[in-house]
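Architecture at a glance
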Amino acid sequence: MTWSSRLLNTLYATTSTGLAWTAELQFRYGLAWAGCLFGAACVVPVIAVVRESVLCDLRRETAAHAAGRTRPPRASTDRARGCATEATVRTELGAACCERWWTSLGTDHDTACRAQSRRSSAA
């Protein structure tokens, strides 16, 4: 794990602890709905810590595979799910129109774009 990942995990843990303490104070002296809100919010940094550790493991596997030290990992359920996600993203990116469509948030197309739609002046 890199130093930046460790720093992020420390910040996430500190944030989660602070939110949990705020939730406790709200339940004792404040509004119950605010305590519920802070209690739910203190789970979000925990999810970020888990995600950061998964990313660290994937980076380590990729680096080991690229260095030729290991075989490509066998497809597990998580890996298969990740491959399915990557395939979905590839399909969506392949279906995108053109560069100008991406940069104009879908309002304009390149002149050679196959999906170019003509705009009507009718209101």
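Residues numbered from 1 in each chain as written. Predicted model: local features only at pLDDT ≥ 70, side-chain atom pairs only at ≥ 80, totals over all residues. Heavy atoms only, no water.

Before going further, it helps to examine the overall build of the chain. Within the chain, the regular secondary structure consists of 5 helices and 0 strands. Here the chain, with 123 residues, has 15% of them falling under the buried criterion. A separation threshold of at least 6 residues defines the contact pool for the chain, and within that pool the share at least 24 residues apart is 25%. Only carbon and sulfur atoms are counted for the fraction: they give 62% of the accessible area of the chain, which is about 9,700 Å². (Helix = DSSP H or I, 4+ residues; strand = E, 2+ residues; numbered from the N terminus. Buried < 20%, exposed > 50% of the residue type's maximum accessible area, 1.4 Å probe, protein only. Contact = heavy atoms within 4.5 Å. Areas by Shrake-Rupley, 256 points an atom, 1.4 Å probe, with all protein chains shown as cover.)

Another point: the confidence of the model for the chain. Of all residues in the chain, 69% attain a pLDDT of 70 or more, and the chain-wide mean is 77. When the elements of the chain are averaged for pLDDT, helix H4 (residues 77-94) gives the smallest value, 61, and helix H2 (residues 32-41) the largest, 94. (pLDDT = per-residue confidence, 0-100.)

Between helix H1 (residues 3-29) and H2, whose axes approach to 8 Å, the crossing angle comes to 165°. Considered as vectors, H1 and H2 are oriented roughly antiparallel to each other. Once H1 is placed against H2, the crossing between them reads as left-handed. In this structure, H1 contributes Leu19, Thr22, Ala23, Gln26 and Phe27 to the contact, and H2 contributes Ala32, Ala34, Gly35, Cys36, Phe38, Gly39 and Ala41. (Axes fitted to C-alpha atoms, helices over the stretch in contact; angles between N-to-C directions. Parallel < 35°, antiparallel > 145°, perpendicular 65-115°, else oblique. Left-handed = near helix turned anticlockwise from the far one by under 90°.)

This brings us to a nonpolar patch on the surface. Residues Trp3, Leu7, Leu8 and Leu11 make up a contiguous nonpolar surface patch of roughly 440 Å² in combined accessible area. Position of Leu11 relative to the elements: it lies in helix H1. Assessed through its relative accessible area of 46%, Leu11 is described here as partly exposed. (Patch = residues over 30% accessible without salt bridge, like charges linked within 9 Å, V, L, I, M, F, W, Y side chains within 5 Å. Salt bridge = Lys/Arg side-chain N within 4 Å of Asp/Glu carboxyl O.)

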